[in-house]
Amino acid sequence: MSATAVDDRARYRANPTVLEALKSPRMLTREVLAGLVVGLALIPEAIAFSVIAGVDPKVGLFSSFIMAVSIAFLGGRPAMVTAATGAVALVIAPVAPTYGMDYFIATVILAGIFQVLLGVLGVAKLMRFIPRSVMVGFVNALAIFVFSSQFPQLIDVPWLVYPLVALGIVVMIVMPKITKIVPAPLVSVIIVTGVVLAFAITVPTVGDQGELPKSLPELFIPNVPLTWETFTIIAPFALGVALVGLMESLLTAKLVDEITDTHSNKTRESWAQGVANILSGTFGGMGGCAVIGQTMIGVKASGARTRISTFCAGIFLFLLVVVFGDFVSTIPMAALVAVMIMVAIGAFDWHSVKPSTLKRMPKSETFVMVSTVVLVLLTHNLAIGVVGGVLVASVLFVRRVAHFVSVSRKVSPAGDSVTYVVNGELFFASSNDLTTLFSYSDDPDSVVVDLTGSHIWDASTVAALDAIETKYQALGKSVEIIGMNESSQRMRGRLTGGFE
C-alpha cells in the first residue's frame, strides 16, 4: 500500500469509530438519542418539502428515510444527515405538475447518476473555487424561495390559519430560550396541532395534501420512454438537482468538519449522495441532499459523532410515520408553514445586507452576491444562479488582477541598451495590452525584457512576447528575455513560434 493511501486513511479515519461507539454504552446511548431527536425533527420539514415539490407527503418521507439510512453506510462525513431538502425541492418542483410522477422519479434517478459521475471526476475539489459572496447569494436566494413557496398555503384559506401560523412562529422563537434539548420546530408542530384538535378548528391539514405511507416503500420503475426527447426534458432539472445537492452537502460536510475538528472524505460524500438519490428514486422518493438544520441538531445540540446517529434518524423517522401516521395526517398545514417561514428567516444571511456590512464590503463582493440572488430568482434555478455568480466573480477578479501588471523602462547610462522590468501575473487579461507598453522606435538597438517579477500563465502571454520580439526584429533591434522562472520557461519553450 502506498504512503499516500495510508495518509488518506489516517486523515479520514472517523473519531470515534462505529465500533468504539458500540462498545461504549454511554456513547451508544448518546448516538441513539441524537438519532431520535433528528428523526422527529425531519418529519415536519420532509412533509413541507414534499408540498413544495408538488408531490404527496409520503414521497418526501420515503426519500428522507431511504437517504438517511443509505448515507449512514456510504457517506464520507459521519454524523451528517441527508434527507429531502428545500433546495432540491425547489429545483425539481416544476417536473411533477408538468410531466407527471414517472418523469419526476426519472429525474431523481438521473440526478443521482450525475452526482456519481461528478464525484468520480473529483468535483468536490472544485468547491474551493466558489467564492464566499456566491455562497451568501446562494443561501439568501434559497431563503427567499422557501419563504415565497409558502404563499399558496396562505392565500384563500380560513382566517384562523393566520393566528395559527403566528402561534407556531412564537413557539419557535421562545422555545430555544427555555430548552434546546427538544427541537423547537417539533414542539411548535405539536402545540399548533394540539390547539387545532382541542378546539376542532377546521383548517387545511397534511392529510389533505395526500395519503401517508402505511408500509415499506415499494420498488418504483418510472414508466417513461427511453428516448433522447425524455433525456432533454429531465436532464436540465436533474443536473440542477445534482449540482445544488452536491454544493449544499459539501458545504454542510465542511461545517461539520470544523465543529468536530475532524476531516471528511468529500469525494466519497459526492458519489455517496448520488447513490442515495438513485436508491431514493428507485423506491419512489423525491431525492435530497445534506440537511444543515437537522445535522446541526444532531452534531451540535445532541453530540452525535458517528454513523449510528444518522442510521437511527432514518429508522426512527420511518417508525414514527408508519406507526403514528394517523396523528401526522392531522397536522395542520399552518404548523408546517410556520416551520418553513422560520427556516427561511434562519437561513437568510441578514449580516450580509446590514448597512454597516455593505459599507465595509468591497462593491465587487456585494455585486457578486446580488447577481447570484437575481439570477436565481429570474431563472428559478439555484444551480444556474451559482454558476452565473461564479462567472461574474471570475470576470471581476480577472479585471482587478489585470491592473496589477506594471512595466518600467530603464535606459543604460551609455544609452546603448534599454531594460523593461515587468512585474505582475501575465495572462490573457493583462498580456493583451503588454505589446502597447514598449517604445519600439525610440529604443536603442539592444533591448532586455526582465520577467523576474512575473509569471507566464497562458498562450496569450507567449503570443504577446513573440509579437514584441517580432516588432523589434523588424526594426533591426535585438531582444533578450531574462528572469523567467522554470515554469514560465517551459511554457514559452513549448508554445513560442506557434502562432503564425
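Placed above this text is the structure.
Here we summarise the structure given alongside this text.

The rules we used
Residues numbered from 1 in each chain as written. Predicted model: local features only at pLDDT ≥ 70, side-chain atom pairs only at ≥ 80, totals over all residues. Heavy atoms only, no water. Helix = DSSP H or I, 4+ residues; strand = E, 2+ residues; numbered from the N terminus. Contact = heavy atoms within 4.5 Å. Areas by Shrake-Rupley, 256 points an atom, 1.4 Å probe, with all protein chains shown as cover. Lys, Arg positive; Asp, Glu negative; His and termini not counted. Charge placed at Lys NZ, Arg CZ, Asp CG, Glu CD. Pairing = 2+ DSSP bridges. Axes fitted to C-alpha atoms, helices over the stretch in contact; angles between N-to-C directions. Left-handed = near helix turned anticlockwise from the far one by under 90°. Nonpolar A, V, L, I, M, F, W, Y, C, P; charged D, E, K, R; others polar. Phe/Tyr/Trp six-rings, centres within 6.5 Å; stacked < 30°, edge-to-face > 60°. Salt bridge = Lys/Arg side-chain N within 4 Å of Asp/Glu carboxyl O. Buried < 20%, exposed > 50% of the residue type's maximum accessible area, 1.4 Å probe, protein only. Polar contact = N/O pair within 3.5 Å; in protein donor to acceptor, adjacent residues only side chain to side chain. Expected span 1.5 Å × (residues − 1).

With that settled, consider the overall build of the protein chain. Summing up its helical and strand segments, the protein chain has 23 helices and six strands in all. Partitioning the intrachain contacts of the protein chain with sequence separation of at least 6 by distance along the chain shows that 83% fall at a separation of at least 24. Here the protein chain displays about 23,500 Å² of accessible surface, and carbon together with sulfur accounts for 65% of that area. The centroid of the 33 positive side-chain charges in the protein chain is displaced by 9 Å from the centroid of its 33 negative side-chain charges.

Note on strand geometry: in a regular strand, side chains alternate between the two faces of the sheet. Inspection of the sheet shows strand β3 (residues 406–411) paired to strand β4 (residues 417–426) by six bridges, in the antiparallel sense. Counted as the bridge partner of Lys-410 is Thr-419 from β4. Where β3 folds back onto β4 in an antiparallel hairpin, the turn is made up of five residues, including Gly-415, whose phi is positive at roughly 80 degrees.

Orientation of helix α9 (residues 161–178) relative to helix α10 (residues 184–198), taken along the N-to-C sense of each, is 140 degrees, at an axis distance of 8 Å. Handedness of the α9/α10 crossing: right-handed. In contact with Leu-164, Leu-167, Gly-168, Val-171, Met-172, Met-175 and Pro-176 of α9, α10 contributes Ala-184, Pro-185, Val-187, Ser-188, Ile-191, Val-192, Val-195 and Val-196. When the residues that make up the contact of α9 with α10 are grouped by side-chain class, the tally is 13 nonpolar, two polar and no charged.

The next point concerns the packing of aromatic side chains. As enumerated under the stated definition, the model contains eleven aromatic pairs in all. A ring pair is formed by Phe-73 and Phe-311, whose centres lie 5.7 Å apart and whose planes are at 80 degrees; its orientation type is edge-to-face. A residue pair is termed long-range when its members are at least 10 positions apart, and Phe-73 in helix α4 (residues 57–74) and Phe-311 in helix α15 (residues 307–323) qualify at 238 residues. Through successive ring pairs, a cluster of aromatic residues spans Tyr-420, Phe-438, Tyr-440 and Tyr-472.

To continue, consider the pattern of salt bridges. Scanning the entire structure with this criterion turns up eight salt bridges. One salt bridge in this structure joins Arg-409 and Asp-443, with 2.7 Å as the shortest N-O distance. With Arg-409 in strand β3 and Asp-443 in the loop between α21 (428–431) and β5 (446–456), the pair connects residues that are 34 residues apart, well separated along the chain. On the basis of relative accessibility, which here comes to 40%, the residue Arg-409 falls in the partly exposed class. Here Arg-492 and Glu-469 are joined by a salt bridge, their closest N and O atoms 2.8 Å apart. Here Arg-492 is found in helix α23 (residues 486–495), whereas its partner Glu-469 is found in helix α22 (residues 459–474), with 23 residues between them in sequence.

To continue, consider the side chain of Thr-107. Within the secondary structure, Thr-107 is located in helix α7 (residues 101–120). The exposure class assigned to Thr-107 is buried, which follows from its relative accessible area of 0%. A distance of 2.7 Å separates the side chain of Thr-107 from the backbone oxygen of Tyr-103, its partner in a polar contact. Residues within four places of Thr-107 in sequence aside, it is in contact with Ile-92, Val-95, Ile-234, Phe-237 and Ala-238.

Attention now moves to the pairing of β4. The sheet contact formed by β4 and β5 spans nine bridges and is parallel. In the sheet register, Tyr-420 faces β5, and the bridge partner there is Val-449.

Before going further, it helps to examine α22. Between its first and last C-alpha atoms α22 spans 22 Å; for 16 residues at 1.5 Å apiece the expected length is 22 Å, and the two agree. Those residues of α22 that fall on the buried side of the exposure criterion are Thr-461, Val-462, Ala-464, Leu-465, Asp-466, Ile-468, Glu-469 and Tyr-472. Where α22 is buried, its residues meet β4, α21, β5, β6 (478–482) and α23. Count one or two residues on from α22 and you reach Gly-476, which has phi positive near 75 degrees.

What follows deals with the side chain of Thr-260. Here Thr-260 is to be found in helix α12 (residues 228–260). Residue Thr-260 is classed as buried on the basis of its relative accessible area, which comes to 15%. A polar atom in the side chain of Thr-260 sits 2.8 Å from the backbone oxygen of Val-256. Among the polar contacts listed, one links the side chain of Thr-260 to the side chain of Thr-262, at a separation of 2.6 Å. If near-sequence neighbours (up to four positions away) are discounted, Thr-260 is found in contact with Arg-77, Val-299 and Arg-305.

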